Amino acid sequence: MMSIRQRREIRATEVSEDFPAQEENVKLENKLPSGCTSRRLWKILSLTIGGTIALCIGLLTSVYLATLHENDLWFSNIKEVEREISFRTECGLYYSYYKQMLQAPTLVQGFHGLIYDNKTESMKTINLLQRMNIYQEVFLSILYRVLPIQKYLEPVYFYIYTLFGLQAIYVTALYITSWLLSGTWLSGLLAAFWYVTNRIDTTRVEFTIPLRENWALPFFAIQIAAITYFLRPNLQPLSERLTLLAIFISTFLFSLTWQFNQFMMLMQALVLFTLDSLDMLPAVKATWLYGIQITSLLLVCILQFFNSMILGSLLISFNLSVFVARKLQKILNLKSDEHIFKFLKAKFGLGATRDFDANLYLCEEAFGLLPFNTFGRLSDTLLFYAYVFVLSITVTAAFVVAFHNLSDSTSQQSVGKMEKGTVNLKPETAYNLIHTILFGFLALSTMRMKYLWTSHMCVFASFGLCSPEIWELLLKSVHLYNPKRICIMRYSVPILILLYLCYKFWPGMMDELSELREFYDPDTVELMNWINSNTPRKAVFAGSMQLLAGVKLCTGRTLTNHPHYEDSSLRERTRAVYQIYAKRAPEEVHALLRSFGTDYVILEDSICYERRHHRGCRLRDLLDIANGHMMDGPGENDPDLKPADHPRFCEEIKRNLPPYVAHFTRVFQNKTFHVYKLSRNK
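Residues numbered from 1 in each chain as written. Predicted model: local features only at pLDDT ≥ 70, side-chain atom pairs only at ≥ 80, totals over all residues. Heavy atoms only, no water.

An unreviewed UniProt entry lists the chain under the name Dpy-19 like C-mannosyltransferase 3, with Macaca fascicularis as the source organism. Heading Sequence similarities (unreviewed entry) of the UniProt record for the chain holds this comment: "Belongs to the dpy-19 family." (UniProt positions renumbered as here; feature names shortened; annotations may be inferred.)

Structure, rendered in structure tokens:
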């Protein structure tokens, strides 16, 4: 029997894992010990089967993704330089530190090279362990040195297999979360199937292996699973302590491996605060989770040499404010926290701006709105339809519960009248509901964050279809409630969907696995080989952030700038270096580049003559606007923009005119890249 109860009554009237048991059934079970024994054996058998399937489906997903990566690049057959080039943009930068640690004569020297690095940013010594989240590369390099695997496994394979292994953990964690919510491992199996069949929208690990999110999201999924279990009432003390330990370890590892951890956990803290304020979550458990978040972040702050980005994070400010508010028995007024809204405005670009850095993000598809065709793909697997179905029912239930929890109807008589006509929402269900809603809004506003939402969408939709509570609410609303019907619906619907997924997507997956391609980027390979053979090892290179990450990995040369953009001085550097694509005089560009110690500059035709973005979002347009110059090509310009006094540098330098030749000498050229050596004259 489902009922609405105040939080103080939850422990006394807890529902079972499968569906709310009636008092008569409980009494009957107490009188039949043989039935209890059978039930216990069945539970053990179910746990064994479900656990085995969880491990198998996780491993199969890992192998599937690794095979796609191999088939797409022919990774086992291409040269080492090609393997490294395949780690595009910031992926190559992160992997370069793993390579650097392995090449160091000793671990101590390797650590010293990371703490006192003078090759990532020219003319500066920076602490990479403070600036970036690269402890995972350090840990892997130590493991590779210690384990007796050097003869059997190349360093690059040890690295990528670790990441694909984490995907097995990721899928297993999603499986377990859905199982915990619904009470049956069938929902976990459906969640895993949906994750795989919606691979385009749930992960990008097979082509961006070293990205920080691919390290962090498996630990985030473990944390959500542990929180889901922790929020269950009536846990044994030992189980509660072990679960808290799991939450702490997973939160710590999540925080350590991704620079955006604080923003994700801020949203998680908002979830906890919302539920706590609506009396839908035990206050003591919410306090424990706040404390774990702060402790984990502070430990990461210490390991990152008191990183100022962490110390000034909104998460710490918010959680400390919640603690103070709870002590004063007040409800925190979010509207007074103007700094949160300033963050949201900067993050989501509310309002027009000419700021180069803001526009650089705004013009990238990954930071735009979630494309509408995403929902079409999710609908093809029936995931989106199931998600909306479950979400609508749970949101309705949440509104009812929240309304009654905040009302003054606390008399026993009123509660007794409501027991048969209203609903109850478990704390763990309420947590996952608010979690999926908030992360859904984040994904809708920023496409890059969709992977946080779509994976949880698989969990939430599969839970709802296998949940007795969801089907009970639905059947009662249409006056068709019957315990047998609940049992039929919660098992038949997911089984039918699983059969549909196998029928529709299995042939396509097999074709995908049999399709063989090969990595091919001869121009970049030629560039890297030329740099290795024709430039001093201490030479300093300038160019685009994405390309320079590859230069660092493949050649070990010193850079002027790089893609890890979370530093204000680096952003200023990048703006200065990018003047090579603006309308500036050659002597001005030369002076800017030499101020960073640049010896060589690499110009890319794909940027100079870019057509991928529309007018106003091309890199050269962003530079023109930031410099107050009119943009090229047909179209409108803001009235205050003026014609530039000089032609575009990246175009004009190719004409070998005297003002350019006096400062720059072309030393390498192919179809894509032009390398110029800077003169040292002032």
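Caption draft 1: Examining the packing of helix α22 (residues 427-445) against helix α23 (residues 450-466) more closely. For the pair α22 and α23, the least separation of the axes is 9 Å and the interaxial angle reads 145°. Judged by the sense of rotation from one axis to the other, the crossing of α22 with α23 is left-handed. Facing T429, N432, L433, H435, T436, F439, G440, L442 and A443 of α22, the residues of α23 in contact are K450, L452, W453, H456, F460 and F463. Looking at the contact of α22 with α23 residue by residue, the class counts come to eight nonpolar, six polar and one charged. (Axes fitted to C-alpha atoms, helices over the stretch in contact; angles between N-to-C directions. Helix = DSSP H or I, 4+ residues; strand = E, 2+ residues; numbered from the N terminus. Left-handed = near helix turned anticlockwise from the far one by under 90°. Contact = heavy atoms within 4.5 Å. Nonpolar A, V, L, I, M, F, W, Y, C, P; charged D, E, K, R; others polar.)

Caption draft 2: Fine view of helix α9 (residues 185-197). For α9, which comprises 13 residues, the first-to-last C-alpha distance of 19 Å matches the rise-based estimate of 18 Å (1.5 Å per residue) to within 8%. Among the 13 residues of α9, eleven are classified as buried, and the element is accordingly described as predominantly covered. (Expected span 1.5 Å × (residues − 1). Buried < 20%, exposed > 50% of the residue type's maximum accessible area, 1.4 Å probe, protein only.)

Caption draft 3: Geometry of the pattern of salt bridges. A full pass over the atoms with the stated rule returns 29 salt bridges. A salt bridge links R612 to E364; the nearest nitrogen and oxygen atoms lie 3.7 Å apart. Residue R612 is located in the loop between α30 (605-608) and α31 (619-626), and its partner E364 is located in the loop between α18 (356-362) and α19 (373-380); the two are separated by 248 residues in the primary sequence. On the accessibility criterion, R612 (61% relative accessible area) is exposed. Here E364 falls in the partly exposed class, since its relative accessible area comes to 29%. Bridged by salt links that share partners, the residues E90, R204, E213 and R448 form one connected network. (Salt bridge = Lys/Arg side-chain N within 4 Å of Asp/Glu carboxyl O.)

Caption draft 4: The sheet that holds strand β4 (residues 664-669), seen in detail. Taken in spatial order, the five strands of this open sheet run β2-β1-β3-β5-β4, and their pairing is mixed. The open sheet is flanked by β2 (558-559) and β4, the only strands paired with a single partner. Note: strand β1 (residues 540-542) against strand β3 (residues 600-604), two bridges, orientation parallel. Paired with F541 across the bridge in β3 is Y600. Lying over the sheet, helix α26 (residues 522-534) contacts β1, β3, β4 and β5 (673-678), oriented at roughly 25° with respect to β5. Here helix α29 (residues 586-594) sits on the sheet and contacts β1, β3, β4 and β5; the angle it forms with β4, its principal contact strand, is near 75°. (Pairing = 2+ DSSP bridges.)

Caption draft 5: View of the side chain of S255. Position of S255 relative to the elements: it lies in helix α12 (residues 237-257). Relative accessible area serves as the criterion here: at 0%, S255 is assigned to the buried category. Sequence-distant contacts of S255, that is, excluding residues within four places in its chain, are made with N133, N261, M265, S296, L297 and V300.

Caption draft 6: Quick peek at the state of the cysteines. According to the stated counting rule, one finds one disulfide in the structure shown. One disulfide bridge connects C608 with C650, the sulfur atoms lying 2.0 Å from each other. When the S-S torsion is 80°, as for the bridge of C608 with C650, the disulfide is right-handed. Note that C608 is positioned in helix α30 and C650 in helix α32 (residues 649-652), a separation of 42 residues in sequence. Each member of the pair, C608 together with C650, is buried. (Disulfide = S-S within 2.5 Å.)

Caption draft 7: A look at the pairing of β4. Sheet topology note: the β4/β5 ladder contains five bridges and is antiparallel. Counted as the bridge partner of F664 is L678 from β5. Here β4 folds back onto β5 in antiparallel fashion, the turn holding three residues.

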